[in-house]
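Fold and geometry: a report
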Amino acid sequence: MAKGLQIAEPPRRRSEATEHPAEVSGTGRGEKFTQVAESEKVQFNKRVTRGVADGYEMLAIRTRKKVPELLAEALELLEGRYGKV
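To start, this report covers the structure provided alongside it. Everything numeric in this text was worked out from a predicted model, so none of it was measured. (Residues numbered from 1 in each chain as written. Predicted model: local features only at pLDDT ≥ 70, side-chain atom pairs only at ≥ 80, totals over all residues. Heavy atoms only, no water.)

**Overview of the packing of helix 2 (residues 50–63) against helix 3 (residues 67–82)**
When two helices pack together, you describe them by how their axes are tilted relative to each other and by the distance separating the axes. Look at helix 2 against helix 3: their axes get within 9 Å of each other, and the N-to-C directions meet at 100°. In terms of axis orientation, helix 2 runs roughly perpendicular to helix 3. Note on element contacts: helix 3 touches helix 2 through Val 67, Leu 70, Leu 71 and Ala 74, opposite Tyr 56, Glu 57, Leu 59, Ala 60 and Thr 63. In terms of residue class, the contact of helix 2 with helix 3 is built from 7 nonpolar, 1 polar and 1 charged. (Axes fitted to C-alpha atoms, helices over the stretch in contact; angles between N-to-C directions. Helix = DSSP H or I, 4+ residues; strand = E, 2+ residues; numbered from the N terminus. Parallel < 35°, antiparallel > 145°, perpendicular 65-115°, else oblique. Contact = heavy atoms within 4.5 Å. Nonpolar A, V, L, I, M, F, W, Y, C, P; charged D, E, K, R; others polar.)

**What about helix 3?**
Helix length check: helix 3 (16 residues) gives 22 Å between terminal C-alpha atoms against 22 Å at 1.5 Å per residue, within 8%. Gly 83 sits one or two residues past helix 3 and shows a positive phi near 90°. (Expected span 1.5 Å × (residues − 1).)

The analysis is restricted to geometry; functional conclusions fall outside its scope.
Written out as structure tokens, the structure is:
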């Protein structure tokens, strides 16, 4: 009979591999990422049509502003029209 493929042996099972359990750190859940950005910016993800997205990009190019600045200006205009939320 053939000896079969001579490949590496499979990895050990977890129970065999962890003879000494790892020490659990003293930090609680969520304490790892407690840094806050200086300006507290967040990402704004909303689906819009291609025309709306292109319109904002073209306005940003024409006015030499960034799209987030245009969104902030649009919010101010809408709040002036409909009141603050």
